[in-house]
Structure formats: C-alpha cells, structure tokens
Amino acid sequence: MAKIVSSWNDWDPLKRVIVGRCDNSVIPPEEPATSEKVPVDSEMRGMWGLRPLETVERGNECLENLVKILEDRGVVVDRPTPLQWNQAIGTPDFRNDSMMTCMPPRDILLTIGNEIMAAANSFRCRYFEYLAYWPLMEEYFEQDPDFKWTQAPRPRLTDRSYKHNYYDEKITLEERLVRTANKDFVTTEVEPMWDAADVMRMGKDLFIQHGLTTNRAAMDWFQRYYPEYRVHAVNFPGDPYPIHIDATFVPLRPGLIINNPHRPLPEPQRAIFEANDWQIVEAAQPAHTEPPALCYSSVWLSMNCLVLDPKTVIVEASEVYQQEQMDKLGMNVIPCDLRDAYPFGGGLHCSTADVYREGECLDYFP
Ligand code: ABU
C-alpha cells in the first residue's frame, strides 16, 4: 500500500495534485454571500446560468496546458468528476436554483499532512461541490492506509448565517474598505464557515484570512481541531473584496513571501514573519488592467502562482512582470497559458489542490 496523501505547505516538491475542470460550470444565481463578492459594475451582476460552451472549452484547454506542464515534470495529476452543476439543490435549511462548478479545487479541499478535509464553504451554491472530489477520495482511501478523509462540520447556511441587507448596490469602494478595516463581513458568527483557499499552510502554523468567505468562528474551530498547530487570523484592510489569501500573500519558499502591494499585511501581524527573518516582498504589478470577461476575481491573479519546489514556480504566461520578479527572486519560472480559466474561479494555485508534496511538518516560526 502506497503513501498517497501528504502536504504541509505550498512550496515543498510537488509530486501529486488535483487540477479542476470547467465542465458544466454555472454563473450561480445571487444569494446572500455571493452578492457581496460580485463587484457592482461587473457584467455578471444579475446574470446566472450555464457558462457559454466555448468559454468552457477554452477554460478546459488552459487547464490541460497546466496538466501537461505538471506531467512533463513527473507530477501525478488527478481530476475531479464534474456534476451537472445547473441542477437546483435543497437541504432542510435552504433551497438554491443552481450549483456552480468544480473549479477551483483550492476552495474546497484543504490538505494538512495526511488529511484532506472538505471545507465548510459559505456559498450555498457550493454546498455539494465536494461530491466532484469524492471518487478521488475513495481511491486515496483505498490505496493509502494513512489517509484521513474528513469533512469539516457542514454549516447549515440558514438565513441566520448572513447579515441581511448587508449588500447595498450603492456602496462605494471607500465604504467597502471601511468594512474590511472593521472586519465587518457578510457572514455572521453562528457557525464556522470557511473556504480552504483562505488557509495558508506553513508547517506548524496556519495563517487564515478573515474575510467574506471565512469567519472568526472558523478560526476558533481550527484551533480546537488542531490544538498542536498555531492558528493565526490575518486580514488585509486594503482589499475591498477579501476572499482567499492566495492572490494576496503567497509564500515562494521558506523565508520569502510576496504580498499584494494594495493589500499589505498590517502590523502587528507582520511581526511573526519579521521576528523569524522572513522577507515580505511587494508583488509585481499585474500585466492586465482588467480581469477577463465573466470573471469574479481581480487582476491580482497575477501572483496566484503554483510553486513546484523552492526553486521552481509556474506563473501565468501573460504575467510578464510577475515572471520577471520571480526570476530576480531566484526562481526558475515556467510560464503557463491559463488566463482563460480565470473566469471559472481563479489562477494557477486556485485551480489545483495539493495531494502530495515531499517534506515534513516543520516549525518555521519557533
Ligand atoms: N480566488 C482568489 C481571488 C482573489 C482576488 O480576486 O484577488
């Protein structure tokens, strides 16, 4: 029986990974948590339904580019099994007219050591997304006797989980920033809710972004579930739409992090990095001034890279400034044409979920 699952951070040598698929992807109908995330001037506001087939095909082509790069370097690539995402769903607590996609896996699956945990996502449309990964989990469970297959407590996502009338289409950018600074987000604290992409794994330390998709109850839950780890809540007051840490604060190797210059990590949260001689470098400017059409994410997917090992990183092919910076920081850069997959939920890091990286659980902040 083989060891299939193990990963403690985002930089140790990558040996096995899940890459998402765009098939059957849907722009979901508005619901309490998603309304807040879609920018007021987005062409997606008020729109929902299956994404155009040609964009799905092109998105999948981009993901195949990534798969090829990984397989050419000997990384084993696993893929999810898409559902018919445009089905209506219901639980005893809510109904939703549609699901969303199985992109990106990084939001749904969190790998910590030999455990892969399905997240407690706050979007109702993502409630059943984990099912796309269950065939893989069954396989890992069958083949790896040490694999811990876990589901975080399912949030009920009743109306009590959200602040009502929180979203207001007249809200200005400045007002959004005040909300972020005040840590005033759309979710309430009645139950833990979190996206796996808000969790940055660094050996014995977990840095978790408090924002639109992850609440404070989640931090509390993490600390109780993993008493042997140190859980740090982080927030980035410069971000008007704070979801997911991986276009904001991205480690490249032990001792080096790139930080979105519009979303600097504030003091005193920097202290732990500075005290342990980590360098926090401002990320390069994105090459684009706008995200692609029908995309939820910001242009800062430029820094959403996939580190293959402490010297090698995959960066989106059009992000020339980010590539140049990585090169200067001593990384070997592999460009990958992935931009047309961005509308399905994110960049290179988002589009993947770790299964196996060499290495062990180290204490980087003793
Ligand atoms: N999923 C990461 C998106 C972050 C951003 O829009 O900047």
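A brief look at the structure comes next. Fair warning: this is a prediction, and the values are worked out from it, not measured in the lab.

Each value, and the rule that gives it
Residues numbered from 1 in each chain as written. Predicted model: local features only at pLDDT ≥ 70, side-chain atom pairs only at ≥ 80, totals over all residues. Heavy atoms only, no water. Core = buried A, V, L, I, M, F, W, Y, C linked by side-chain atoms within 4.5 Å. Buried < 20%, exposed > 50% of the residue type's maximum accessible area, 1.4 Å probe, protein only. Helix = DSSP H or I, 4+ residues; strand = E, 2+ residues; numbered from the N terminus. Contact = heavy atoms within 4.5 Å. Polar contact = N/O pair within 3.5 Å; in protein donor to acceptor, adjacent residues only side chain to side chain. Salt bridge = Lys/Arg side-chain N within 4 Å of Asp/Glu carboxyl O. Pairing = 2+ DSSP bridges. Axes fitted to C-alpha atoms, helices over the stretch in contact; angles between N-to-C directions. Near = heavy atom within 4 Å. Areas by Shrake-Rupley, 256 points an atom, 1.4 Å probe, with all protein chains shown as cover.

1. With respect to the nonpolar core
Piece 1. Among the nonpolar cores identified, the biggest contains 59 residues, and Leu 70, Leu 252, Phe 273 and Ile 314 are the most heavily contacted of them.
Piece 2. When residues in this core are grouped by element, the largest group, seven residues, is from helix 2 (residues 53-72).
Piece 3. Residue contacts for Leu 252: discarding those within four places in its chain leaves Trp 11, Ile 258, Cys 305, Val 307, Pro 310, Met 326, Leu 329 and Met 331.
Piece 4. One finds Ala 33, Phe 123, Ala 353 and Val 355 within the second-largest nonpolar core, a separate group that totals 31 residues.

2. Remarks on the environment of Asp 10
Piece 1. With respect to the helices, strands and loops of the structure, Asp 10 is situated in the segment before strand 1 (14-19).
Piece 2. Counting along the chain gives 298 residues from Asp 10 to Leu 308, while the straight-line C-alpha distance between them is 8.4 Å.
Piece 3. Once residues within four sequence positions are removed from consideration, Asp 10 is found in contact with Arg 106, Arg 201, Val 307, His 349, Asp 354 and Arg 357.
Piece 4. There is a polar contact of 3.2 Å between the side chain of Asp 10 and the side chain of His 349.

3. Thoughts on the pattern of salt bridges
Piece 1. One pass over the full model with this rule turns up 27 salt bridges.
Piece 2. Taking the shortest distance from any N to any O, the salt bridge between Arg 156 and Asp 93 comes out at 2.8 Å. Residue Arg 156 is found in the loop between strand 9 (148-151) and helix 4 (173-181), and its partner Asp 93 is found in the loop between strand 5 (89-90) and strand 6 (95-96); the two are separated by 63 residues along the sequence.
Piece 3. Take Arg 156: its relative accessible area is 52%, and that puts it in the exposed class.
Piece 4. With a shortest N-O distance of 3.9 Å, Lys 148 and Glu 115 are connected by a salt bridge. Separated by 33 residues along the polypeptide, Lys 148 in strand 9 and Glu 115 in strand 8 (residues 115-118) bring together distant segments of the chain.
Piece 5. What makes Glu 115 buried here is its relative accessible area of 3%.

4. Looking at the sheet that holds strand 16 (residues 306-309)
Piece 1. Pairing within the open sheet is mixed, and its three strands lie in the order 16-17-18. Either end of the sheet is taken by a strand with one partner, and the two such strands are strand 16 and strand 18 (332-336). Each strand of the sheet is rotated relative to its neighbour by a mean of 25°, with strand direction disregarded.
Piece 2. Here strand 17 (residues 312-316) runs beside strand 18; their pairing, made up of five bridges, is parallel. By the bridge assignment, Thr 312 is partnered in strand 18 with Asn 332.
Piece 3. Most of the contacts of helix 2 go to strand 18, to which it runs at about 145°, and overall it touches strand 16, strand 17 and strand 18.

5. Brief notes about the environment of Val 75
Piece 1. Relative to the helices and strands, Val 75 is located in the loop between helix 2 and strand 4 (76-78).
Piece 2. The class for Val 75 is buried, based on a relative accessible area of 6%.
Piece 3. Along the backbone, Val 75 and Arg 357 are 282 residues apart, and their C-alpha atoms lie at a distance of 9.9 Å.
Piece 4. Apart from residues lying up to four places away in sequence, Val 75 is in contact with Leu 14, Lys 15, Arg 16, Val 17 and Leu 70.

6. Some details on the site of the ligand
Piece 1. Taken together, the residues surrounding the ligand are Ile 243, His 244, Asp 246, Ala 247, Arg 263, Ser 297, Ser 298 and Cys 350.
Piece 2. At a separation of 3.0 Å, an oxygen atom of the ligand approaches a polar side-chain atom of Arg 263.
Piece 3. Contacts to the ligand include Ser 298, whose side-chain N or O atom sits 2.6 Å from an oxygen atom.
Piece 4. Considered on its own, the ligand offers 250 Å² of accessible surface; in the complex 98% of this is hidden by protein.

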